[in-house]
Amino acid sequence: MHHPISNSLSRAGRLGRRAALATLAAALAAPSAWAAPATPVQGYKVVHSYPHDPDAFTQGLFFHDGFLYEGTGLRGRSTIRKVEIETGRVVQAVELPAEVFGEGITMWGDRIIGLTWQEQTAFVLDLKTFKLWRKFNYPGEGWGLTHNGKELILSDGTPELRFLDPLTFKELRRVRVTADGKPVTELNELEWVEGQVYANIWQTDRIARIDPKTGRVVGWIDLSGLLPANQRTGQDDVLNGIAYDPAKKRLFVTGKLWPKLFEIQLTKK
Ligand SMILES: [Ca+2]
């Protein structure tokens, strides 16, 4: 990594002390010449650990009124379900058509909106009865879904986040997600947390904290070791699923086919 201080000091050895001071002064006077610090990384502490259906291929997760709502994937196994946090018990569920691959879900008013991976179809269900209210179409793939109180936010595995009108489902704008100036791909399950978009990066133990205005990743959360390797069953069982309870500031995470769901607190690394 470029390091202007050490460059200045080594040059200083050759040029003498006065020149060194001048070089440093010039560098300090021109902050734009300094390399930006790398994106900070946070760790985690497990607050609670709860059972999670190990057959749930988690693709979407949100918290509402004391329960978690979860969308699961795989063709023939895709569901949207309401889950009791403490026990992991499924208290209500609906199966999606066998030919679709369920993806991210979010809540809008008294509806649940659920994406599908490649079918370009979203299902809009009644939050209470889980009855299908309508469907809508969108171009491209659907991965993660959340909302910021005004717009739905959709990921599709590319560095772009789409912002959709929550009533007409029309695309309003997009933002390109970057970290240290480079595009971030594989943005998966999403959650709106205190003004930022949290995104699982597919096939990693990382969550990106994204500034929704600029798309810049302002921090990483490193969840390495959260589910020990001996409790993982294969390649597919990656971290996926973030839910936030804004009233109690609780952050829940799980993964595809994970036997556990965790409430975590973020820590300094
Ligand atoms: Ca979520």
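Note that the coordinates shown come from a computational prediction; the quantities given were computed from them, not determined experimentally.

**Side note on the sheet that holds strand S21 (residues 250-255)**
Hydrogen bonds between backbone groups are what pair the strands of a sheet, and the pairing can be parallel or antiparallel.
Here is step 1: One open sheet accounts for eight strands, arranged S16-S17-S18-S19-S1-S22-S21-S20; its pairing is mixed. Each edge of the open sheet carries a strand with a single partner, namely strand S16 (187-193) and strand S20 (239-245). Neighbouring strand axes in the sheet, compared pairwise and without regard to direction, differ in orientation by 30° on average.
Here is step 2: Strand direction decides the pairing type here: strand S1 (residues 41-51) and strand S22 (residues 260-268), joined by nine bridges, are antiparallel. Across the sheet, residue Lys 45 finds its bridge partner in S22, namely Gln 265.

**Digging into the confidence of the model for the protein chain**
Here is step 1: Scored by pLDDT, the protein chain comes out at a mean of 90, with 87% of its residues at no less than 70.
Here is step 2: In this model residues 1-16 is a low-confidence stretch, pLDDT under 50, and it forms 16 contacts with partners more than four residues away in sequence or in other chains.

**Structural notes on the environment of Leu 251**
Here is step 1: Looking at where Leu 251 falls in the secondary structure, it is placed in strand S21.
Here is step 2: On the basis of neighbour count, Leu 251 is assigned to the buried category, with 21 C-beta atoms found within 10 Å.
Here is step 3: Excluding residues that lie within four positions of it along the chain, Leu 251 makes contacts with Tyr 244, Glu 263 and Ile 264.

**Concerning the sheet that holds strand S2 (residues 58-64)**
Here is step 1: Across the sheet, which stays open at both edges, the four strands sit in the order S2-S3-S4-S5 with antiparallel pairing between neighbours. Where the open sheet ends on each side, the last strands, each with one partner, are S2 and strand S5 (90-95). Across the sheet, the mean angle from the axis of one strand to that of its neighbour is 15°, orientation sign disregarded.
Here is step 2: Where S2 lies against strand S3 (residues 67-72), six bridges are found, and the strand directions are antiparallel. Its bridge partner lying in S3, Gly 60 is registered against Gly 71.

**As for unusual backbone geometry**
Here is step 1: Phi is positive for Asp 65, close to 50°, though the residue is something other than glycine.
Here is step 2: Within the secondary structure, Asp 65 is located in the loop between S2 and S3.
Here is step 3: Classification of Asp 65 as exposed rests on a count of 10 C-beta atoms within 10 Å.
Here is step 4: Phi angles above zero are rare outside glycine, and Phe 169 is one such case at about 65°.
Here is step 5: Along the polypeptide, Phe 169 turns up in the loop between strand S12 (160-164) and strand S13 (171-176).

**Looking at the environment of Asp 110**
Here is step 1: Take Asp 110: it is sitting in the loop between strand S6 (102-108) and strand S7 (111-116).
Here is step 2: By C-beta crowding, Asp 110 is classed as exposed, having 11 other C-beta atoms within 10 Å.
Here is step 3: For Asp 110 and Leu 125, which are 15 residues apart along the polypeptide, the C-alpha to C-alpha distance reads 8.6 Å.
Here is step 4: Other than its neighbours up to four places away in sequence, Asp 110 contacts Asp 126, Leu 127 and Lys 128.

**Notes on the pairing of strand S11 (residues 152-155)**
Here is step 1: Here S11 shows a buried face lined by Leu 152 and Leu 154 and a second buried face lined by Ile 153 and Ser 155.
Here is step 2: Hairpin connection from S11 to S12: four residues lie between these consecutive antiparallel strands, with Gly 157 at a positive phi of about 90°.

**With respect to the pairing of S13**
Here is step 1: Where S12 lies against S13, five bridges are found, and the strand directions are antiparallel. Note that in S13 the partner of Leu 161 across the bridge is Val 175.
Here is step 2: Connecting S12 to the next strand, S13, in antiparallel fashion are six residues, including Phe 169 with a positive phi near 65°.

**Considerations on the nonpolar core**
Here is step 1: The biggest cluster of nonpolar side chains holds 49 residues, and the ones touching the most others in it are Leu 68, Ala 199, Ala 208, Phe 252 and Val 253.
Here is step 2: The biggest single contributor to this core is strand S17 (residues 196-201), with four residues.
Here is step 3: Ala 56, Phe 57, Leu 227 and Trp 258 belong to the second-largest nonpolar core, a separate cluster that totals five residues.

Analysis parameters
Residues numbered from 1 in each chain as written. Predicted model: local features only at pLDDT ≥ 70, side-chain atom pairs only at ≥ 80, totals over all residues. Pairing = 2+ DSSP bridges. Helix = DSSP H or I, 4+ residues; strand = E, 2+ residues; numbered from the N terminus. Axes fitted to C-alpha atoms, helices over the stretch in contact; angles between N-to-C directions. pLDDT = per-residue confidence, 0-100. Contact = placed C-beta atoms within 7 Å. Buried ≥ 20, exposed ≤ 12 C-beta atoms within 10 Å, placed from the backbone. Core = buried A, V, L, I, M, F, W, Y, C linked by C-beta atoms within 7 Å.

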